[in-house]
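Here is how the chains run, residue by residue.
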Amino acid sequence: MHRRAAVLSFLCALFLVLGGFPASGQQAPLQGFDGYVNTALRDWDVPGLAVSVVKDGKVVFSKGYGLRKVGESAPVDEHTLLSIGSISKSFTAVALGMLVDEGKLSWDDPVSQYLPYFQLHDPYVTRELTIRDLLVHRVGLPQVCGGILWYGSDYSREDVLKRLRYIKPVSSFRSTFAYQSVTYMAAGEVIRAVTGKSWDDFIRERIFTPLGMNASNSLYSDLKKAKNLALPHVRTDGKPVAIAYRDSDALGPGGSIVSSVHDMARYMQLLLAEGAFGEKKLYSENVARELFTPQMLVPNRPSSKPELKALNTRFSAYGFGWFLREYRGRTVVSHTGGMDGMSAIVMLVPEEKLGITVLSHQDGGIFYAMALRVLDAYLGATPTDWAGLLLKFRGEGEQKAKEAETALVAARAQGTKPSLELGRYAGSYRDRMYGDLSIAQENGKLVLKFSHSPALTADLEHWQYDTFRIHWRDPMPFPKGFLTFSLDAKGKLKGFTFDQPSLLDVNFDELTVERIPEVR
């Protein structure tokens, strides 16, 4: 998932104890941690979160805090399910490593050998693209592209991949790191092509079951059956509000797994033991090294804020499904995950045999603050109030957003009207990559609809000239953008463009929307 996803998104992304139990008591180095979490939950006004810690091969802490749903009494415990979002990518890489061990594929096999239907805009890239390229985000596509094809849509994984050929590259092949989910979708489809099993079945049989991750799942149909499930929460009018899970089956290998800190602790034990779990050996040391080896450099942008100096790193890179960076003299292997109303992180310090998972069910930086608090405790660093710092920065960001909105309203041209009568804007439209969209007139107003994505339905409010403000109907508090209609020299409607901030991985700049001529 998410939301969200390069190393710097940790800062940009920059919840009471009611359930669970500490595996070995509230002792050093986590003495006082319960109080810290409870204070942070209150200050951030977040329903709940869960934390697990693995040290020296053992689960030393596994506990839930707060509530599964605001306003209700069911607690979050160590078995409560929450989305892990883009941390799912690491499962995809592990699954491919198992197939490498079995000699069924190689990291550097051409993707076209397994997915002949998968084509990118440049035929050369299509021909040369390898499985390794898919895993390290270097195919030349724009950052987190193609999200509009899978987010809340009815397109299948194969449907999504077939449509990526319409997205033009923004950099040369293998030259630039640009984080993706769709390339991991392709990697998961390679698993299906090689084994005849879906990615979902493969990771359940080869990872979940051997590790005893009995509650974890990746399919929306399984999620609906879960009983110990925390709902996603978003901030509406400054308060947490529960929303429903969205069907993310299409995303699958790039971010659809839902798990618990209990289950994720077992996964961390596997990773820190280089593929071993008890008497089982799920993958080889060779594969383990590849997973955590820097494969692609990631742009390193130090923070200018003095309070965040400790987060500045000497290097930043990507392995197979993992970011790698330096923190307080150690190499930290980590990944965040974000889906609607949920955030997660896994941090591993292999040389310390330390692993930390934090799962939370509200967007925001509290998950990262808790992980850093635990990490500092085990590294012997002076405690930093990361929760307080990140909360302060969130407040500053919200204030800047309010000021920007005020300036936007002030700059609005007054007294203008659309070039055409509203009814003439209604009709059928099409983007070559996405497919059909429509504008309808309902109760004297225009309504935008994406044919394959019910989530992307919006009311259009006239703003100025031929520009309309977009008010999305989805319960997710999407930012309001703009839609501008274009006319030719004869006043004939040609299409429209978006000026819309990204929604998760949905980048509206990828769309070129044209009017479909009416049949007379």
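Since the model is a prediction, treat every value here as computed from it, not as a measurement.

## As for the overall build of the protein chain
Along the protein chain, the regular secondary structure elements total 15 helices and 23 strands. Its C-alpha atoms give the protein chain a radius of gyration of 23 Å, near enough to 24 Å, the size a compact globule of 520 residues would have. Taking all 520 residues of the protein chain together, 56% fall into the buried category. Counting every atom, the protein chain has about 21100 Å² of accessible surface; 50% of that belongs to carbon and sulfur. Across the protein chain, 61 positive and 57 negative side-chain charges occur, with their mean positions spaced 2 Å apart.

## Quick look at the confidence of the model for the protein chain
On average, residues of the protein chain score 93 in pLDDT, and 94% of them reach the 70 mark or higher. Low pLDDT, under 50, characterises residues 1–26; the stretch is placed with 103 contacts to residues that sit more than four places away or in other chains.

## Considering the sheet that holds strand 19 (residues 453–464)
Strand order in this closed barrel of 8 strands is 16-17-18-19-20-21-22-23, and the pairing throughout is antiparallel. The average undirected angle you get between the axes of adjacent strands in this sheet is 30°. In this structure, strand 19 lies alongside strand 20 (residues 467–472), joined through 6 bridges in antiparallel fashion. Its bridge partner being in strand 20, Glu461 is matched across the sheet by Arg469.

## Re the packing of aromatic side chains
For the coordinates displayed, the defined rule picks out 28 aromatic pairs. Both rings, one in Tyr124 and one in Phe173, keep their centres 6.3 Å apart while their planes meet at 85°; by these two values the pair is edge-to-face. Here Tyr124 is found in helix 4 (residues 123–128), whereas its partner Phe173 is found in the loop between helix 7 (157–163) and helix 8 (182–195), with 49 residues between them in sequence. On the basis of relative accessibility, which here comes to 41%, the residue Tyr124 falls in the partly exposed class. Ring centres of Phe292 and Trp322 lie 6.2 Å apart, and the angle between their planes is 90°; on these two criteria the pair is classed as edge-to-face.

## With respect to the side chain of Thr92
Structurally, the position occupied by Thr92 is in helix 3 (residues 88–101). Within the local environment of Thr92, its side chain forms a polar contact with the side chain of Trp199, the two groups lying 3.0 Å apart. Not counting residues up to four positions away in its chain, the partners in contact with Thr92 are Tyr184, Ala187, Gly188, Ile191, Trp199 and Pro253.

## Comments concerning the pattern of salt bridges
A complete count under the given rule lists 33 salt bridges for this structure. Between Arg132 and Asp108 there is a salt bridge, with the nearest N and O atoms lying 2.7 Å from each other. Here the residue Arg132 occupies a position in helix 5 (residues 131–136), and Asp108 occupies one in the loop between helix 3 and helix 4, the gap between them amounting to 24 residues. With relative accessibility at 13%, the residue Arg132 sits in the buried group. Note on Asp108: relative accessible area 42%, which makes it partly exposed. Across the salt bridge formed by Glu189 and Arg192, the nearest N and O atoms sit 2.6 Å from each other. Here Arg192 and Glu189 lie together in helix 8, a separation of 3 residues that amounts to about one turn. Each member of the salt-bridge network shares a partner with another, and the members are Glu158, Lys162, Glu189 and Arg192.

## Brief notes about helix 8
An α-helical turn contains 3.6 residues, so a residue and the one three or four places further along point in the same direction. Between its terminal C-alpha atoms helix 8 stretches 20 Å, which fits the 20 Å expected from 14 residues at 1.5 Å a residue. Among the residues making up helix 8, those that are buried are Val182, Thr183, Tyr184, Met185, Ala186, Ala187, Gly188, Glu189, Val190 and Ile191. On its buried face, helix 8 is in contact with helix 3, helix 5, helix 6 (147–150), helix 7, helix 9 (199–211) and strand 11 (316–318).

## Considerations on unusual backbone geometry
Despite not being glycine, Arg174 shows a phi value in the positive range, around 65°. Tracing the backbone shows Arg174 in the loop between helix 7 and helix 8. Given a relative accessible area of 34%, Arg174 falls into the partly exposed group. Located in the positive-phi region is Asn443, a residue other than glycine, with phi close to 55°. Its place among the elements puts Asn443 in the loop between strand 17 (435–442) and strand 18 (445–450). With relative accessibility at 82%, the residue Asn443 sits in the exposed group.

## Focus: helix 2 (residues 33–44)
Look at helix 2: 16 Å from first C-alpha to last across 12 residues, which is about the 16 Å you get at 1.5 Å a residue. Burial in helix 2 covers these residues: Phe33, Asp34, Tyr36, Val37, Ala40, Leu41 and Trp44. On an axial view of helix 2, the arc spanned by its buried residues comes to 165°, and they lie on one face. Where the residues of helix 2 are buried, they touch strand 2 (48–55), strand 3 (58–66), helix 13 (366–379) and helix 14 (386–410).

## Observations concerning the packing of helix 3 against helix 9
Packed helices, taken two at a time, are described by their axes: the angle between them and the distance between them. Closest axis-to-axis distance for the helix 3/helix 9 pair is 10 Å, and the angle between their directions is 75°. When the axes of helix 3 and helix 9 are compared, the pair comes out roughly perpendicular. Contacts between helix 3 and helix 9 pair Ser88, Phe91, Thr92, Val94, Ala95, Met98 and Leu99 from the former with Trp199, Phe202, Ile203, Arg206, Ile207 and Phe208 from the latter. In terms of residue class, the contact of helix 3 with helix 9 is made up of 10 nonpolar, 2 polar and 1 charged.

## Overview of the pairing of strand 13 (residues 330–339)
For strand 13, a buried count of 8 out of 10 residues is recorded, marking the element as mostly surrounded by other parts of the structure. Judged from the 5 bridges that link them, strand 12 (residues 323–327) and strand 13 form a sheet pairing that is antiparallel. In the strand pairing of strand 13, Phe323 is matched with Ser334. Remark: 2 residues form the turn of the hairpin made by strand 12 and strand 13, two consecutive strands paired antiparallel; Arg328 in that turn has positive phi of roughly 50°. Between strand 13 and strand 14 (residues 342–349), which pair antiparallel and follow one another directly, the connecting turn spans 2 residues, one of which, Gly341, has a positive phi of 65°.

Parameters and conventions
Residues numbered from 1 in each chain as written. Predicted model: local features only at pLDDT ≥ 70, side-chain atom pairs only at ≥ 80, totals over all residues. Heavy atoms only, no water. Helix = DSSP H or I, 4+ residues; strand = E, 2+ residues; numbered from the N terminus. Rg over C-alpha atoms; globule rule 2.2 N^0.38 Å. Buried < 20%, exposed > 50% of the residue type's maximum accessible area, 1.4 Å probe, protein only. Areas by Shrake-Rupley, 256 points an atom, 1.4 Å probe, with all protein chains shown as cover. Lys, Arg positive; Asp, Glu negative; His and termini not counted. Charge placed at Lys NZ, Arg CZ, Asp CG, Glu CD. pLDDT = per-residue confidence, 0-100. Contact = heavy atoms within 4.5 Å. Pairing = 2+ DSSP bridges. Axes fitted to C-alpha atoms, helices over the stretch in contact; angles between N-to-C directions. Phe/Tyr/Trp six-rings, centres within 6.5 Å; stacked < 30°, edge-to-face > 60°. Polar contact = N/O pair within 3.5 Å; in protein donor to acceptor, adjacent residues only side chain to side chain. Salt bridge = Lys/Arg side-chain N within 4 Å of Asp/Glu carboxyl O. Expected span 1.5 Å × (residues − 1). Arc of directions from axis to C-beta. Parallel < 35°, antiparallel > 145°, perpendicular 65-115°, else oblique. Nonpolar A, V, L, I, M, F, W, Y, C, P; charged D, E, K, R; others polar.

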